[in-house]
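Overview (structure and organization)
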Amino acid sequence: MLNGKNYFDMNLGDLTGFEERYFAWTGFPASKSKSKTIHRSKSKEALEKQFIHAGEDGYYFKNIEYLTIVSELKGNDKTEITGSYERKDTFLKYAGRISMGPMPAGMSGGAMYFFRKEQELDENLDNTFRFAGIGIKYRNDNTIVGVPRVKIIELIERFERENPLRMIVIDSED
């Protein structure tokens, strides 16, 4: 945890004790976000009270709901991680069985991760979740596609090589 936020440790790749046949994708589908027209007569403070929750761990929009899709792992190589999401006759944790699940459009950029076999939270979140990738799209054939962890690490390392951090020391006595 850093500044009240949880981050995946990209250096942890060992999946011992984790479910390797399934992964989850969490994001914010556009269909679950409630768009509101904001009247110009409302003050900044009134808008904050209406749309934003302020807590010890940060600020959150009240009108946006997340969706977590759990999928069987179909593929995970150096170019993509894939699974499936069947929207018809699906089960949602809080809504129960529904005839049509939310469309995942808008979830791009959401984390894909493996979870502990027991699916119970550990005090240390690194012992609960392992980063699998970043979700990028949902295809018409019900396939969910992401960029896998290994590709993301490769791209970060390449960026660091091609754009090295430069430090300039300025003598303040002049």
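Residues numbered from 1 in each chain as written. Predicted model: local features only at pLDDT ≥ 70, side-chain atom pairs only at ≥ 80, totals over all residues. Heavy atoms only, no water.

Considerations on the overall build of the protein chain
Keep this limit in mind: Only DSSP runs of H or I with at least four residues qualify as helices, and only runs of E with at least two residues qualify as strands; both kinds are numbered from the N terminus onward. Accessibility here uses a 1.4 Å probe with only protein chains present; expressed as a share of the type maximum, an area under 20% marks a residue as buried, one over 50% as exposed, and anything in between as partly exposed. Areas reported as accessible are Shrake-Rupley estimates using a 1.4 Å probe. Residue values count occlusion only from the protein chains shown.
Looking only at helices and strands, the protein chain features two helices and 11 strands. The N-to-C order of helical and strand elements in the protein chain reads β-α-β-β-β-β-β-β-β-β-β-β-α. For the protein chain, buried positions account for 26% of its 174 residues. Within the structure as shown, the protein chain displays about 13,100 Å² of accessible surface, and the carbon and sulfur contribution to it stands at 51%.

Brief notes about the pattern of salt bridges
Cut-off, in case you're wondering: A pairing counts as a salt bridge when a side-chain nitrogen of Lys or Arg comes within 4 Å of a carboxyl oxygen of Asp or Glu.
For the structure shown, the criterion picks out eight salt bridges. Of the charged contacts, one joins Arg139 and Glu80 as a salt bridge, the two residues approaching to 3.8 Å between their closest N and O atoms. Of this pair, Arg139 sits in the loop between β10 (129–138) and β11 (143–148) while Glu80 sits in the loop between β5 (75–76) and β6 (81–84), placing them 59 residues apart in sequence. Each member of the salt-bridge network shares a partner with another, and the members are Arg116, Glu118 and Asp122.

Examining the side chain of Glu19
What counts, and what does not: Any pair of nitrogen or oxygen atoms within 3.5 Å is treated as a polar contact; in protein, a donor-acceptor pairing is required on top of that, and neighbouring residues in sequence qualify only through side-chain atoms on both sides. Here, two residues are considered to be in contact whenever any of their heavy atoms come within 4.5 Å of each other.
Inspection of the secondary structure puts Glu19 in the segment before β1 (22–27). Here Arg21 takes part through its side chain, which lies 3.1 Å from a polar atom of the side chain of Glu19. Discounting residues that sit within four places of it in the chain, Glu19 has contacts with Phe114, Phe115, Arg116 and Lys117.

A short note on the nonpolar core
Worth spelling out the cut-off: In this description, a nonpolar core means a group of buried Ala, Val, Leu, Ile, Met, Phe, Trp, Tyr and Cys residues linked to one another through side-chain atoms lying within 4.5 Å.
With 15 residues, the main nonpolar core has Phe23, Trp25, Leu67, Ile69, Tyr85, Met112 and Ile144 as its most contacted residues. For this core, the elements supplying multiple residues, two or more each, are β1, β4 (67–72), β9 (111–115) and β10. Not counting the four nearest positions on each side in its chain, Leu67 is found in contact with Trp25, Thr26, Gly27, Pro29, Tyr85, Leu92, Pro102 and Met107.

Keep in mind that these numbers describe shape and distance, not what the molecule does.
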